[in-house]
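# Reading the structure
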Amino acid sequence: MDGEESFRAYVAGRIAALSRAAWLLTGDRHQAEDLVQLTLVRVARHWERVCAAGDPEPYVRRTMYSQHVSLWRRRWRGVDLHADPPEQTMPDGTAGVARALVVRAALARLAPRQRAVLVLRFFEDLTEVEAAAALNCSVSTVKSQTRDALARLRTHAPELAELVGIGAAAGEGR
């Protein structure tokens, strides 16, 4: 299989997981699509070298998380444009949607690096070592970013403790 076929096969097999991770990072479907596209363009340039080194997944993930942080730093925050119209009130029976919105809002309150660490550790289920490799930082940085992000969520989003069945008092002191 040549490089282009190999790249196409990788993208076909991993696009859903990459899109999900990008959405968790950005909190917006359109920004997530842009992030995945930008990541894949950058990875495609070096695909032969990436595949020669072994499993391409860590390289692709690291590229995506680095791009997310870089784009966030460059973005001008003066204008807040939304591609979707404001959401309508939810009918009963949409607990899953409500939960997703709470998680999305909570993740939006975090700094990009903290958000990336939580997505890698808890949504992508990576170990601290794997997350550190994906973010190109030390394990202690992953640990401190995780600790700080969870503390911030406990303070600013106590409703998340109720979603997982943990009382507010149980979340304190962790």
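Everything below is about the structure shown above.
All residue numbers refer to position in the chain's written sequence, counted from 1. For a predicted model such as this one, the threshold for reporting local features is a pLDDT of at least 70, and the threshold for listing and counting side-chain atom pairs is 80 or more; totals across whole chains, interfaces and linings nevertheless cover every residue. Based on all heavy atoms of the structure, the side-chain values leave hydrogens and waters out of the count.

What follows covers the side chain of R61. Position of R61 relative to the elements: it lies in helix α4 (residues 57–74). Classification of residues uses two cut-offs on accessible area relative to the type maximum, computed with a 1.4 Å probe and protein chains only: under 20% is buried, over 50% is exposed, and between them is partly exposed. Looking at R61, the relative accessible area reads 6%, which means it is buried. The numbering of helices and of strands both runs from the N terminus, where a helix is a DSSP run of H or I of at least 4 residues and a strand a run of E of at least 2.

It is worth spelling out the pattern of salt bridges at this point. When the charged atoms of two side chains with opposite charge come close together, those side chains can pair. A pair is scored as a salt bridge if a Lys or Arg side-chain nitrogen falls within 4 Å of a carboxyl oxygen belonging to Asp or Glu. By the definition in use, this model includes 5 salt bridges. R147 is the partner of D148 in a salt bridge, and the nearest nitrogen-oxygen pair spans 3.2 Å. On the basis of relative accessible area, D148 is assigned to the partly exposed category, the value being 31%. Through salt bridges that share partners, R14, E57, R61 and E124 make up one connected network.

Attention now goes to helix α2 (residues 29–45). Helix span, expected: 1.5 Å multiplied by one less than the number of residues in the helix. Spanning 17 residues, α2 covers 25 Å between terminal C-alpha atoms, matching the ideal 24 Å at 1.5 Å per step. Among the residues of α2, A32, L35, V36, T39, L40 and V43 are the ones counted as buried. With its buried residues spanning 125 degrees around the axis, α2 presents them on a single face. In α2, the exposed positions angled more than 90 degrees off the buried face are occupied by Q37 and R45. In this description, the arc belongs to the directions extending from the helix axis to the C-beta atoms.

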